[in-house]
Amino acid sequence: MFTDIVGYTALMQHDEAQAVRVRERHRAVFTDQHTKHIGEIIQYYGDGTLSIFTSAVQAVECAIEIQRNLQLGVVMVPVRIGLHLGDIVHTETEVYGDGVNVAARIESLGIAGSVLLSGKIHDELKNHPHISTISLGPFVLKNIALPVEVFAVTIEGLKVPGIADLPVSPVQQTKSIAVLPFVNMSSNAENEYFSDGMTEEIINALARLKELRVTSRTSSFFFKNKNVPIRNIGQALNVSAILEGSIRLSGNKMRITVQLIDVMNDYHFWSETFDRSLDDIFAVQDEISLLIADKLREHLGHFLIEEHLVITPNIDVDSYQQYLKSRYHMLKMSKRDIELGMDLLQKIIQRNPDFALAYLGMHHGYAMLATLGLMPAAAAFMKGKDFFDKALALDPELPECQMQLAWMSFLQDWDPAGAYRHLQKAFDIRPSVDFYQSMTSILVAEGKYDAALAHIRIAKEMDPFSEINYHLHGFILYTQGKYSEAVEQFEQNVTLKPDSQVSLLNWGQSFLLQGKAKEALDFFDSLPPGTDDLLRLGGVTLANIAMGNVEEATLGISKLTAALRTESMDRALNLLIFCHTSSGKHEQALQLIDQGISNHLPMMLYLPVEPFLRPLFENEKFKSLMQKVLN
């Protein structure tokens, strides 16, 4: 562990007595925490320390407690901490070794209140989910031969450096690939479901390689049927390699052709054709994925490859084809296609009652119907839950199961620690953009903005054409009070998905919080046909309150109050909390918050960071209510 006090030299010159108090508190806390965590301080050198531990986990826990303690009390001490795992040699007068150099270089990347770790230390934390981290990227460190990946600890009480805080930029990620949708070369156009399904399976297989960044499906499929040069696609997705291919089905035979392309130099460095039987589909998926991984390793640099990248499901080939067809339809996200996909899944379940992915598909189908407003949310949840419970009983280790358990822990149980544990399990099985998006959503609810921003930046790297990434980024900025920047992200959300409504309320609220009430009213009034009526009503009512239009505001609040008796109760209650707070009717807002907490409504989780409720933040009753949320 290598540490120093930020700005200590300047403090000595400006106020020597305060500098002495800072150093005394620094040494008292360090001595106490090293005793508790069985660490040995090898050297004090003015404003810093070098210490060693027999346990990497205890070293990190010690660093966390040091930072938490030093940020409390009358004398706050701004310290940076860096940790690395390696051999050192020390005598009574000298300490040396690569371990010391790496720890010192890592510490110098930090900011006051941060704990930064090398990849080696991070590897020791895999079975300790109570310590959450985020990768800042690989860095070239002075006098260190190879780049070192640096992680920041993200738990409560610690600071996480943003991109602008880093004295140097991480080296550009070169081990990255996008898998473009395979072209259907079959005479039957309906076989497109198979080429799309194979593409998705290859993406999922390669995503198991943790040292390889794989562009997510949304962004890869963004270029489907578009005549864009490969080099331009590679630059847009910020990847170093692209895989493209084609599939031709004929009876029970298939011909799969794949080729890898170096984006920077725009040349094909590997291609292969596979003539196989459909009966061997799972073995072929594994064979192709392993070959691709091997060729990428030869071309991009070493990374670890597992023995198998595709796990053979317990399902016959015909049913598997029907499963691919069901996903093909459901991802179109129209009512007809979702229902068609779910009908196929029901038939698969009848033939294969132990196929967990089919049950998960049904669960996701009901979730989509609810999200799109095509089915009442409560009814969809009840129907979907039975299918999820069955999938979980059949295969709890599916990353999709762990992701869903994470959301259940967070939204239903209000247990972020449990959510983090499930997310880490999902990540260990197969890293995905969903992991980073979910981490972002939970971190921002806890007010951990730096960590949330770090996660959403990675999500945007993996999936730059996913509209939800821009909403999440915008929401972080919105909660931070950076309203103009938030609106830019919300605009991008709608640009990518014109019918998206997820950003609209926060977008209009951003105008109101900037004092642009008329602009907000025009915004909500001009929302396109098909926009959720309750969202429009809530936005217009908030704007009328801000403009002092008493009659219109009173009518809007009356309609929202009536909606409390409908299936939209949770959203109506949330909007009414905003309306009453804006109107200065704080007691009525607090009563509704109490009601929402009693009903365990998920939207209550975000009230502690909701800028519209700032007038309540110092209210003692509000503080007391918020202690029940994420406590």
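In what follows, the structure referred to is the one given above.
The rules we used
Residues numbered from 1 in each chain as written. Predicted model: local features only at pLDDT ≥ 70, side-chain atom pairs only at ≥ 80, totals over all residues. Heavy atoms only, no water. Helix = DSSP H or I, 4+ residues; strand = E, 2+ residues; numbered from the N terminus. Rg over C-alpha atoms; globule rule 2.2 N^0.38 Å. Buried < 20%, exposed > 50% of the residue type's maximum accessible area, 1.4 Å probe, protein only. Contact = heavy atoms within 4.5 Å. Lys, Arg positive; Asp, Glu negative; His and termini not counted. Charge placed at Lys NZ, Arg CZ, Asp CG, Glu CD. Pairing = 2+ DSSP bridges. 1 Å grid on protein atoms, 1.4 Å probe; cavity = no way out; pocket = protein on both sides within 12 Å on 5 of 7 lines; lining within 4 Å. Points joined across faces, edges and corners; volume = space filled by probe spheres on them. Axes fitted to C-alpha atoms, helices over the stretch in contact; angles between N-to-C directions. Phe/Tyr/Trp six-rings, centres within 6.5 Å; stacked < 30°, edge-to-face > 60°. Lys NZ or Arg CZ within 6 Å of the ring centre and 35° of its normal. Salt bridge = Lys/Arg side-chain N within 4 Å of Asp/Glu carboxyl O. Expected span 1.5 Å × (residues − 1). Arc of directions from axis to C-beta.

Q: What is the right way to look at the overall build of the protein chain in this model?
A: A tally of regular secondary structure across the protein chain gives 26 helices and 15 strands. Scaling as 2.2 N^0.38, a compact globule of 631 residues should have a C-alpha radius of gyration of about 25 Å, and the protein chain matches this with 27 Å. The dimensions of the protein chain, computed from C-alpha atoms along their principal axes, are 85 × 70 × 45 Å. Sorting the 631 residues of the protein chain into buried and exposed places 51% on the buried side. Partitioning the contacts of the protein chain with sequence separation of at least 6, the portion at a separation of at least 24 is 61%. Across the protein chain, the centroid of the 55 positively charged side chains sits 3 Å from that of the 76 negatively charged ones.

Q: Could you clarify how one ought to interpret the environment of Gly-110 in this entry?
A: Within the secondary structure, Gly-110 sits in the loop between α4 (98–108) and β7 (115–118). When its relative accessible area of 7% is taken as the criterion, Gly-110 is described as buried. For the pair formed by Gly-110 and Gly-82, sequence separation is 28 residues and the distance between their alpha carbons is 7.7 Å. For Gly-110, the contacting residues outside a window of four places in its chain are Arg-80, Leu-116 and Pro-161.

Q: What am I meant to see in the pairing of strand β3 (residues 48–53) here?
A: Of all the six residues making up β3, five are buried; the element is thus mostly covered by neighbouring parts of the structure. Two strands pair when backbone bridges link them, and strand β1 (residues 2–5) and β3 are joined in this way by three bridges, in the antiparallel orientation. Directly across from Asp-4, in β3, lies its bridge partner Gly-48. Relative to β3, strand β2 (residues 39–45) runs antiparallel, the two being bridged by six bridges. Bridge pairing links Gly-39 to Phe-53 in β3. The turn joining β2 and β3, which pair antiparallel and follow one another in sequence, is formed by two residues; a positive phi near 70 degrees is taken by Gly-46.

Q: Which parts of the structure should I look at to understand empty space enclosed by the protein?
A: One pass over the full model with this rule turns up one cavity of 30 Å³ or more. Volume-wise, the largest cavity comes out at about 50 Å³. Residue lining of the largest cavity: Tyr-193, Asp-196, Gly-197, Glu-200, Arg-217, Leu-324, Arg-327, Tyr-328 and Leu-331, and that is the complete set. Looking at the lining of the largest cavity, the elements with two or more residues in it are α6 (192–206) and α10 (317–330).

Q: Is there a simple way to think about the sheet that holds strand β4 (residues 79–83) in this case?
A: By definition, the strands of a sheet pair up through backbone hydrogen bonds, in either a parallel or an antiparallel sense. On the basis of which strands lie adjacent, the open sheet formed by seven strands has the order β2-β3-β1-β4-β7-β9-β8 and mixed pairing. Only two strands of the sheet have a single partner each, and these edge strands are β2 and β8 (133–139). Ignoring strand direction, the axes of neighbouring strands in this sheet form an average angle of 20 degrees. Alignment of β4 against β7, held across three bridges, turns out to be parallel. Looking at the pairing, Gly-82 lines up with Leu-116 of β7. Taken strand by strand, helix α2 (residues 16–36) contacts β1, β2, β3 and β4, and its axis lies near 160 degrees from that of β2. The strands touched by helix α3 (residues 56–70) are β3, β4, β7 and β9 (148–153); relative to β4, the strand with the most contacts, the crossing angle is about 175 degrees.

Q: I tried to follow the packing of aromatic side chains on my own but got confused; where do I start?
A: Two aromatic rings are characterised by how far apart their centres lie and by the angle between their planes. Summed over the entire model, instances satisfying the criterion amount to 22 aromatic pairs. With a centroid separation of 6.2 Å and 90 degrees between ring planes, the pair formed by Phe-427 and Tyr-436 is classed as edge-to-face. Taken as a pair, Phe-427 and Tyr-436 share a single burial class, namely buried. When the centroid spacing of 6.0 Å and the interplanar angle of 65 degrees are considered together, the rings of Tyr-478 and Tyr-483 count as edge-to-face. The pair formed by Tyr-478 and Tyr-483 is uniform in burial state, with each residue classed as buried. An aromatic cluster is defined as three or more aromatic residues linked by ring pairs; in this entry it consists of Trp-407, Phe-410, Phe-475, Tyr-478, Tyr-483 and Tyr-606. One cation-aromatic arrangement involves Lys-226 over Phe-222; the distance from NZ or CZ to the ring centre is 3.6 Å.

Q: Would you mind going over the pattern of salt bridges with me for this structure?
A: Pairs may arise between side chains of opposite charge once their charged atoms sit close together. According to the stated counting rule, one finds 23 salt bridges in the structure shown. Taking the shortest distance from any N to any O, the salt bridge between Asp-316 and Arg-351 comes out at 3.3 Å. One end of the pair, Asp-316, is in the loop between α9 (281–300) and α10; the other, Arg-351, is in helix α11 (residues 335–351), with 35 residues separating them in the sequence. In this structure, Lys-518 engages Asp-522 in a salt bridge whose closest nitrogen and oxygen atoms are separated by 2.9 Å. Here Lys-518 pairs with Asp-522, and both are found in helix α21 (residues 517–525), just four residues apart, close to one helical turn. Within this structure, Asp-4, Arg-80 and Glu-107 form a network of salt bridges that share partners.

Q: Hey, could you run me through α11 in this one?
A: Since the α-helix packs 3.6 residues into each turn, any two residues three or four apart lie on the same face. With 17 residues, α11 extends 25 Å from end C-alpha to end C-alpha; this agrees with the ideal 24 Å at 1.5 Å per step. Along α11, the residues that are buried comprise Asp-337, Ile-338, Gly-341, Met-342, Leu-344, Leu-345, Ile-348 and Ile-349. In an axial view of α11, the angular spread of the buried residues amounts to 160 degrees, which keeps them on one side of the axis. In α11, the exposed residues that point more than 90 degrees away from the buried face are Arg-336, Lys-347, Gln-350 and Arg-351.

Q: Is there a simple way to think about unusual backbone geometry in this case?
A: Most of the time, phi is negative for any residue but glycine, and the peptide bond is trans. The backbone phi angle of Asn-238 is positive, close to 55 degrees, even though this residue is not glycine. Along the chain, Asn-238 turns up in the loop between α8 (230–237) and β13 (241–250). Assessed through its relative accessible area of 36%, Asn-238 is described here as partly exposed.

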